[in-house]
Amino acid sequence: MTQPDDRLVLVDGSSYLYRAFHALPALTNANGEPTGALYGVVNMLHKLLAEEPEARFAVVFDAPGKTFRDELFEQYKAHRPPMPDELRAQREPLKAIIAALGVPVLEVPGVEADDVIGTLAARASGPVLISTTDKDMAQLVDEQVTLLNTMSGTRLDPEGVREKFGVPPELIRDYLALVGDTSDNIPGVPKVGPKTAAKWLNAYGSLDALREQADEIRGKVGESLRAHLDELPLSVDLVTIRCDLALEVAPEDLVRQSPDRETLGGLYQRYGMRRFLAELQAGDAAAAADGTGASLPPNAPEVAYEVVLDDHGLAAWMERLRNADAFSIDLETNSLNYMDAEIVGVSLAVEPGQAAYLPVAHCGPGAPDQLDRDRVLDALRPLLEAEQPEKMGQNLKYDMSVLARYGIELRGVAYDSMLESYVLDSTATRHDMDSLASKYLGVEVTSYEQLCGKGVRQVPFAEIDVERAGHYAAEDADIALRLHQLLYPRLQAESGLLRVFSQLEMPLLPVLSRMERHGVRVDCDLLERQSEELAGRMAEVEQRAHEEAGEAFNLGSPKQIQEIFFERMGLPVIQRTPKGQPSTAESVLEELSARGHELPRLILEHRGLSKLKSTYTDKLPQLIHRDTGRVHTSYHQAVAATGRLSSSDPNLQNIPVRTPEGRRIRKAFVASPGHRLITADYSQVELRIMAHLSGDEGLRRAFEQGEDIHRATAAEVFAADEVNDEQRRAAKAINFGLIYGMSAWGLGRQLGIPRDEAQTYIDRYFERYPGVRAFMDRAREQAREQGYVETVFGRRLHVPEIHSRNRQRREYAERTAINAPMQGTAADVIKRAMIDVDALLNERFPESRLVMQVHDELVLEVPEAQATAVGDEVRRLMEGSDRGMVSVPLEVELGVGDDWEQAH
DNA sequence: TAAGGAACGTAC
DNA sequence: GACGTACGTTCCTTAA
């Protein structure tokens with residue numbers, strides 16, 4: 001495929017789906033899902049795509065929900081029957097197929113597809129073809145805009161409109177207002193049909209002129225016109241297609257991409273579209289046979305990668321960068337750790353296939369003279385530190401952190417292909433560039449391992465031959481750019497996803513970079529003392545255990561424990577692991593210990609101590625950075641499917657807190673001298689979100705009145721005025737269980753009560769909070785219908801297994817569908833809060849810093865004198881970070897201290 | 001020797 | 001089987 005020409009094809013997806021649904025037989029696929037309309041529209045699209053292979057393209061859908069026309073006129077479309085389920089069920093699959101075909105899909109809330117099409121048509125610079133079955137669109141026709149009904153094959157240019165309606169395009173609005181539309185419930189003038197309307201408009205020239213001369217019209221029609229004169233402006237307003245929307249997408253963005261053959265094949269398969277599947281596979285085979293490669297997309301560019309070694313080349317690339325709206329950047333370094341990495345080279349790309357590599361520190365045998373690192377960085381600095389041009393890349397947090405250590409603050413970080421992929425499908429297991437290149441571009445890039453080797457044979461990047469390294473590095477920048485060009489339009493097609501990407505994930509990226517780089521102070525001596533103490537206690541326990549067992553064994557080996565317990569000592573098997581082995585998990589050991597066995601108790605104690613020592617008190621000191629004396633974690637922004645962050649090296653999100661033993665580790669997380677740590681925790685945030693999502697009045701009231709939620713739940717479930725501690729504990733377990741989609745069995749086990757008793761608690765809970773059950777049913781239903789669930793902010797989580805025939809997998813998907821909107825919305829809320837807090841600190845408290853995030857908690861390090869002021873502001877921002885989208889108040893608890901334990 | 005799975009345990 | 005999301009450690013088997 002060549003570059004798109006300036007033709008633009010806009011398809012009115014909703015109108016076709018509707019027409020196809022009524023025109024075609026009600027087919028279903030093997031699963032009984034309706035497919036008739038789907039087939040019709042896909043067939044139509046195939047034809048259209050074949051007819052217009054070079055044009056820019058978009059398929060536009062009505063967004064569900066009210067539009068401004070409903071505001072204008074409450075009767076608008078009031079008589080229209082609700083969309084049949086069989087039709088609604090075909091919408092999302094259709095959108096998925098179109099997206100997989102590489103065609104942009106647009107859906108803008110609050111307006112109709114017509115308005116989006118009108119606006120895009122008005123902004124187009126070249127010829128526009130609007131494919132629709134809706135006659136109202138005739139008002140958009142002019143010398144540049146043509147209408148096409150692909151189903152009937154009719155094309156309408158201005159002359160065609162005149163022939164068909166008897167009036168020119170510019171009078172179509174007046175015409176429609178006079179005639180009215182029963183299906184949209186637009187009144188019009190009774191007794192006036194197409195012929196009369198056309199006759200009048202031709203005689204008087206316009207509706208306004210006609211209204212002024214209304215007295216002249218004789219007969220019953222004249223009376224009818226005079227009786228409805230006042231309603232006509234409203235009718236005109238209703239039928240007028242808006243051509244001036246503020247859209248986030250422009251005609252030139254609507255570039256067709258190469259199809260995602262894998263996804264497309266899967267969809268064709270699933271919906272029984274054997275003909276399209278066969279065509280797709282035939283296309284693959286043909287491409288493979290003629291040597292162009294099945295996976296090579298038709299728009300794969302010619303690549304021209306350049307290694308820049310001199311001032312002349314640098315100047316030329318600087319010029320290209322300055323003239324670009326956006327460019328792609330990637331650093332090559334000698335370490336994966338952002339705190340240690342030294343820059344070895346810089347790659348840049350401006351257009352697909354055209355990239356440069358600027359080596360600055362290659363030192364292997366035969367390495368050529370290179371530009372000096374500081375000179376290159378100084379030359380790039382003004383561009384890197386400016387908002388414009390925009391920057392794109394893959395995992396830019398890393399590049400941003402490394403550049404910051406060279407004194408360059410990367411600004412204008414607008415697109416990260418890793419995050420684009422994550423927002424599009426957070427359930428994909430990998431978002432690394434090699435996987436994305438293969439999945440979306442059909443390109444197998446050189447891997448780092450292929451270039452540098454691995455294990456003992458690994459060669460530092462700086463010692464790789466500059467030409468080979470240059471191709472690898474330039475390719476990285478190029479691929480990131482091409483991924484962006486492919487993925488970003490897919491985000492633009494879904495306003496919720498675009499919002500999550502551009503208002504949450506991208507702005508969060510620099511915040512995380514700053515947090516990681518600043519790090520958190522850890523008291524190494526304290527941890528070492530704790531390690532010694534733990535070692536001593538472990539040795540004691542170990543010795544007693546060996547005596548008890550009558551032989552020496554490894555207390556850390558579940559296999560050896562299993563042998564001693566269940567084979568030699570004949571203890572009862574309480575539970576089995578998923579692999580069928582007798583389990584030695586904590587709950588089992590507790591049960592055996594409660595039955596009076598000493599050895600299980602000793603093993604439990606040993607496990608607890610060993611966990612603390614190896615994971616925390618031994619490990620954390622090793623991770624203290626030699627230069628900063630602090631620990632610098634990595635937050636991963638594209639890992640957790642629900643939208644949460646994760647943390648590693650070290651994982652700061654699982655530092656113990658529940659037991660006094662474990663909590664001592666938090667004492668080692670300290671503030672710098674003259675500073676304090678502030679903790680700010682969202683209180684019961686997921687339950688509050690559940691109250692919002694379910695709209696359950698009882699639950700909402702409890703939060704609005706600031707009640708102790710577990711106590712309130714206990715009062716309802718146990719019908720008690722006075723709640724005792726045991727009841728509150730049970731209610732707490734119920735509340736947490738609900739968030740995870742728990743079963744009676746699970747609750748029973750948690751509380752140590754029989755299954756049926758747990759079931760009565762759950763039944764009573766749902767009786768008292770009926771909205772919660774309805775919410776859960778809705779979540780499952782939504783997952784089944786659309787294949788995904790959403791957070792309040794519009795983040796999506798796909799749950800394809802909701803249709804699995806395997807009950808276990810299906811039920812797992814159902815629990816995910818229930819949990820993800822709550823966990824994900826909480827993640828959205830705190831991400832927004834982090835962005836707000838970071839902005840506040842940069843602006844007003846530059847000496848205060850965010851240092852940690854633990855899902856519902858932020859930790860800050862603040863100069864002593866500012867602690868109160870910063871704490872108050874942080875609370876205010878956090879409590880407002882839902883932007884009013886959560887209809888239950890959010891509450892934040894603050895703590896201040898010299899260490900993390902004290903601050904709680 | 002390295003890689004990877006299983007089992008376990010920490011957090012929210 | 002049975003309660004969602006992560007990461008890290010240890011043990012231990014398998015592959016090179």
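By convention here, each chain's residues receive numbers from 1 onward along its written sequence. Whichever chain is written first becomes A and whichever ligand is written first becomes 1, with later ones labelled in order. The model is predicted, so local features are restricted to residues of pLDDT at least 70 and side-chain atom pairs to those at 80 or more, both for listing and for counting; the totals for chains, interfaces and linings are taken over all residues. With hydrogens and water set aside, each side-chain value is computed from the structure's full complement of heavy atoms.

## With respect to the nonpolar core
Move 1: Buried residues of nine kinds, namely Ala, Val, Leu, Ile, Met, Phe, Trp, Tyr and Cys, make up a nonpolar core once their side-chain atoms join them within 4.5 Å. Burial here depends on accessible area, computed with a 1.4 Å probe over protein chains only, as a share of the maximum for the residue type. Under 20% is buried, over 50% is exposed, and the range in between is partly exposed. Counting residues in hydrophobic clusters, the biggest one holds 183 residues, and the most contacted among them are F565, F669, M690, Y765 and L860.
Move 2: Whether two residues are in contact is decided by their heavy atoms: any pair within 4.5 Å suffices. Setting aside residues up to four positions removed in sequence, F565 forms contacts with G570, L571, L589, L592, L599, P600 and I603.
Move 3: Listed in part, the 90 residues of the second largest apolar core include L10, V60, V105 and A198.

## Here's the deal with the protein's contact with DNA strand B
Move 1: With respect to spatial proximity, 21 residues lie near DNA strand B, and among them T584, R607, R644, N654 and V657 are the closest.
Move 2: Throughout, near means a residue has at least one heavy atom within 4 Å of the molecule or strand. Close to the protein, within 4 Å, the atoms of DNA strand B are drawn from sugar and phosphate at a rate of 77%.
Move 3: Only DSSP runs of H or I with at least four residues qualify as helices, and only runs of E with at least two residues qualify as strands; both kinds are numbered from the N terminus onward. Top element by residues in the surface near DNA strand B is helix α25 (residues 598–617). It accounts for 3 residues.
Move 4: When residues are sorted by character, Ala, Val, Leu, Ile, Met, Phe, Trp, Tyr, Cys and Pro go into the nonpolar class, Asp, Glu, Lys and Arg into the charged class, and all the rest, Gly among them, into the polar class. Residues belonging to the surface near DNA strand B are distributed by class as follows: 7 nonpolar, 6 polar and 8 charged.

## A look at the confidence of the model for chain A
Move 1: When pLDDT is averaged along chain A, the result is 88; 95% of the residues meet or exceed 70.
Move 2: pLDDT: the predictor's confidence for each residue, scored from 0 to 100. Element-level mean pLDDT values for chain A span from 71 in helix α13 (residues 274–289) up to 98 in strand β11 (residues 390–393).
Move 3: The low-confidence segment residues 288–298, where pLDDT is below 50, has 14 contacts with residues more than four positions distant or belonging to other chains.

## Details of the packing of helix α17 (residues 417–424) against helix α21 (residues 495–518)
Move 1: Each axis is a line fitted through C-alpha atoms, and for a helix only the stretch in contact is used; angles between axes span 0 to 180 degrees, taken between their N-to-C directions. Packing of α17 against α21 brings their axes to within 10 Å, and their N-to-C directions diverge by 140°. As far as their axial angle goes, α21 and α17 are oblique. Handedness of the crossing formed by α17 with α21: right-handed. Between α17, through L419, E420, Y422, V423 and L424, and α21, the contact on the second element is made entirely by L497, V500, F501, E505, M506 and L509.
Move 2: Here the residues of the contact of α17 with α21 are counted per class, giving 9 nonpolar, no polar and 2 charged. Should an angle lie under 35 degrees it is considered roughly parallel, over 145 roughly antiparallel, and from 65 to 115 roughly perpendicular; all remaining angles are considered oblique. Two helices cross in a left-handed way if the nearer one is turned anticlockwise from the farther one by less than a right angle. They cross in a right-handed way if the turn is clockwise.

## Focus: the sheet that holds strand β17 (residues 669–670)
Move 1: Strand pairing is assigned whenever DSSP identifies at least 2 bridges connecting the two strands. Within the open sheet, the 3 strands sit side by side as β14-β13-β17. Their pairing is antiparallel. Edge strands, defined here as strands with exactly one partner in the open sheet, are β14 (630–631) and β17.

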